[in-house]
Amino acid sequence: MVLSASKLNKYLLFKLPSAFFCGVRVNALDENKCIVTVKHNWINQNPFKSMYFAVQAMGAELATGALVMSYIKDSGKNISMLVANNKGNFSKKATGRIKFVCSDGNLIKDAINKTISTGEGQTFWMKSIGSNEKNEQVSEMDFEWSIKIK
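Residues numbered from 1 in each chain as written. Predicted model: local features only at pLDDT ≥ 70, side-chain atom pairs only at ≥ 80, totals over all residues. Heavy atoms only, no water.

A. Broad picture of a nonpolar patch on the surface. Where nonpolar side chains cluster on the molecular surface, the patch consists of Leu13, Phe14, Phe21, Trp42 and Ile43 and spans about 620 Å² of accessible area. Among the structural elements, Phe21 can be located in helix 2 (residues 17-21). When its relative accessible area of 54% is taken as the criterion, Phe21 is described as exposed. (Patch = residues over 30% accessible without salt bridge, like charges linked within 9 Å, V, L, I, M, F, W, Y side chains within 5 Å. Areas by Shrake-Rupley, 256 points an atom, 1.4 Å probe, with all protein chains shown as cover. Salt bridge = Lys/Arg side-chain N within 4 Å of Asp/Glu carboxyl O. Helix = DSSP H or I, 4+ residues; strand = E, 2+ residues; numbered from the N terminus. Buried < 20%, exposed > 50% of the residue type's maximum accessible area, 1.4 Å probe, protein only.)

See the structure below:
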């Protein structure tokens, strides 16, 4: 079973309902890139009438994590994944539909191959860029993923 945007969105409903109800959705997923969107609305806003930073973090993390999940699934091995660290920069108010793009799929394959061959855990950083409808960057978040064979 190949991971797809629709399967991941169904997964959100049952496993990450707070992200689902805040409007976080996977729009596209391939081996190198994942696109996640979330629309600013009443349920995910802060007191300053822009998107709450934690909702942006959910979208940004999903853009990186969906790629990791996909590669783990393709490996056929029982591998655990966990966010070990993250950092973020917010450069503009997030209003309207925000698109989070991660294009770091190439980083995952080597880490999975190393953890399978050595049995040791691996860590790697992935970046997700959030942009508004005018294609202006509103946030940039980096996630350090830790993977290890179970």
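B. The environment of Leu16, seen in detail. On the secondary structure map, Leu16 appears in the loop between helix 1 (5-15) and helix 2. Classification of Leu16 by relative accessible area gives partly exposed; the value is 40%. Along the primary structure Leu16 and Tyr71 are separated by 55 residues, whereas in three dimensions their C-alpha atoms are 20 Å apart.

C. How the structure looks around the pattern of salt bridges. Taken as a whole and assessed by the stated rule, the structure comprises 3 salt bridges. For the salt bridge of Glu136 with Lys92, the shortest nitrogen-to-oxygen distance reads 3.8 Å. A residue pair is termed long-range when its members are at least 10 positions apart, and Glu136 in the loop between strand 5 (122-131) and strand 6 (137-149) and Lys92 in the loop between strand 3 (79-90) and strand 4 (97-102) qualify at 44 residues. A relative accessible area of 30% means that Glu136 is categorised as partly exposed. On the basis of relative accessible area, Lys92 is assigned to the partly exposed category, the value being 41%. Note that Lys127 is salt-bridged to Asp142, the shortest N-O span being 2.9 Å. Remark: Asp142 occurs in strand 6 and Lys127 occurs in strand 5; sequence separation between them is 15 residues. Judged by relative accessible area, Asp142 falls into the buried class, the value being 11%. Linked through salt bridges whose partners overlap, the residues forming this network are Lys127, Glu140 and Asp142.

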